[in-house]
Amino acid sequence: MTKKKMVIFASGRGSNAIALHDAVEAGTIKADIKALVCDIPGAPVMDRAREWGIPVILADRKAFDSKEAFEAYILDAIAPYEADVICLAGFMRLLSGDFISHYEHKMLNIHPALLPSFRGLHAQRQAIEAGVKIAGCTVHFVVPDMDAGPIILQSAVPVYEDDTEDTLAARILTKEHPTYIKAAALFCDDKLTVRGNVVMGTQE
Ligand SMILES: Nc1nc2c(c(=O)[nH]1)N[C@@H](CN(C=O)c1ccc(C(=O)N[C@@H](CCC(=O)O)C(=O)O)cc1)CN2
Ligand SMILES: NCC(=O)N[C@@H]1O[C@H](COP(=O)([O-])[O-])[C@@H](O)[C@H]1O
């Protein structure tokens, strides 16, 4: 099976990008990472990509007059890579429906909550404030409606009474990496199909 061409989008620390990279290097994910897109100057994830010898595309949102110009720049920059899969790995920008239409059913995202609960930013804080006893992470296909795409995989963690946003985020993060690796591997092995809002092919 031909390896999928992967582009990763990230905005910060990059631990999920690192996990995907390491799984690609190990052959767990049958892909080649062709580029990293980052929207935040100085984000540590860009240093990781440079260490890997992967092209870095910095699209500083503040350098563009509009979301449209920002997205057009990114689309033009990644076009030559002919991505089969785009992995959003802590990418903190909402993408327009037009952008997503260029990579329909080829965009994955990791979210630090058990969707459909706690969409958007600060999901861990939302979970604590809601008083839930179980939290977790979700890997889903990206659709224009924020964090509403078909769910591929989820993993759960307990929420403790003395949890802070940071302690819960750290516990969820330990599940994010293996969950994203498994979801990306299933996608790259062409094992996933979507029927309505249900993703099939995720069980052994
Ligand atoms: N159209 C979609 N875009 C994105 C999705 C998605 O499902 N559909 N997933 C997100 C990731 N994400 C949560 O997992 C997320 C990221 C960012 C935001 C957000 O409100 N961003 C603000 C800017 C925030 C800032 O500047 O700090 C914005 O873009 O206006 C919500 C959810 C990735 N994109
Ligand atoms: N709404 C999107 C969102 O909150 N994403 C979250 O940002 C973090 C990025 O960490 P990383 O840079 O170490 O992968 C991860 O916890 C990811 O789930």
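Every value quoted in this text rests on a predicted model; they were computed, and no experiment measured them. (Residues numbered from 1 in each chain as written. Chains lettered and ligands numbered in written order. Predicted model: local features only at pLDDT ≥ 70, side-chain atom pairs only at ≥ 80, totals over all residues. Heavy atoms only, no water.)

Draft legend 1. Examining the UniProt feature "site: Raises pKa of active site His" (unreviewed entry) in the protein chain more closely. UniProt annotation of "site: Raises pKa of active site His" (unreviewed entry) refers to D147 when read in the numbering used here. Overall, the relative accessible area of 12% leaves D147 in the buried class. The residues contacting D147, other than those within four sequence positions of it, are N109, H111, L115, R119, G120 and H140. (UniProt positions renumbered as here; feature names shortened; annotations may be inferred. Buried < 20%, exposed > 50% of the residue type's maximum accessible area, 1.4 Å probe, protein only. Contact = heavy atoms within 4.5 Å.)

Draft legend 2. Expanded view of the side chain of S155. Looking at where S155 falls in the secondary structure, it is placed in strand β7 (residues 151-158). You can call S155 buried: its relative accessible area is 17%. Polar contacts involving the side chain of S155 include one to the side chain of T179, which spans 2.6 Å. What S155 contacts, discounting residues up to four positions off in sequence, is L114, A135, G136, C137, K175 and T179. (Helix = DSSP H or I, 4+ residues; strand = E, 2+ residues; numbered from the N terminus. Polar contact = N/O pair within 3.5 Å; in protein donor to acceptor, adjacent residues only side chain to side chain.)

Draft legend 3. The arrangement of the environment of E176 in detail. Mapped onto the fold, E176 is located in helix α6 (residues 165-188). Owing to a relative accessible area of 6%, E176 belongs among the buried residues under this scheme. Remark: the alpha-carbon pair of E176 and V37, spanning 139 residues in sequence, is separated by 20 Å. Excluding residues that lie within four positions of it along the chain, E176 makes contacts with N16, I110, P112 and C137.

Draft legend 4. Structural context of helix α2 (residues 44-52). Where α2 is concerned, the buried positions are V45, M46 and A49. Down the axis of α2, the buried side of the element spans an arc of 100 degrees, and every buried residue falls inside it. Residues of α2 that are buried sit in contact with β1 (4-10), α1 (15-26), β2 (31-38) and β3 (56-58). Backbone geometry just downstream of α2 places G53 in the positive-phi region, at approximately 75 degrees. (Arc of directions from axis to C-beta.)

Draft legend 5. Broad picture of the UniProt feature "domain: Formyl transferase N-terminal" (unreviewed entry) in the protein chain. Using the residue numbers shown here, the UniProt feature "domain: Formyl transferase N-terminal" (unreviewed entry) corresponds to residues 4-183. Between the end C-alpha atoms of residues 4-183 the distance is 14 Å, and the span holds 36% helix and 24% strand.

Draft legend 6. Unusual backbone geometry, seen in detail. Cis geometry is found at the peptide bond from L115 to P116, where omega equals 10 degrees. Along the chain, P116 turns up in the loop between β5 (107-111) and α5 (123-130). One non-glycine residue with positive phi stands out, namely H122, at about 55 degrees. Positionally, H122 belongs in the loop between β5 and α5. What makes H122 partly exposed here is its relative accessible area of 43%.

Draft legend 7. Region of the structure containing the nonpolar core. Residues M6, I8, I29 and I152 are the most contacted members of the largest nonpolar core, which totals 47 residues. Of all the elements, α6 adds the most residues to this core, at ten residues. With residues up to four places along the chain from it excluded, the contact list for I152 reads L108, V139, H140, F141, A183, L192, V199 and T202. Residues V37, A59, I74 and Y103 belong to the second largest nonpolar core, which totals 21 residues. (Core = buried A, V, L, I, M, F, W, Y, C linked by side-chain atoms within 4.5 Å.)

Draft legend 8. Expanded view of the pairing of strand β6 (residues 134-141). With seven of its eight residues buried, β6 lies for the most part within the structure. When β6 meets β7, the two strands line up antiparallel, connected through seven bridges. Within the sheet, the bridge partner assigned to C137 lies in β7 and is S155. (Pairing = 2+ DSSP bridges.)

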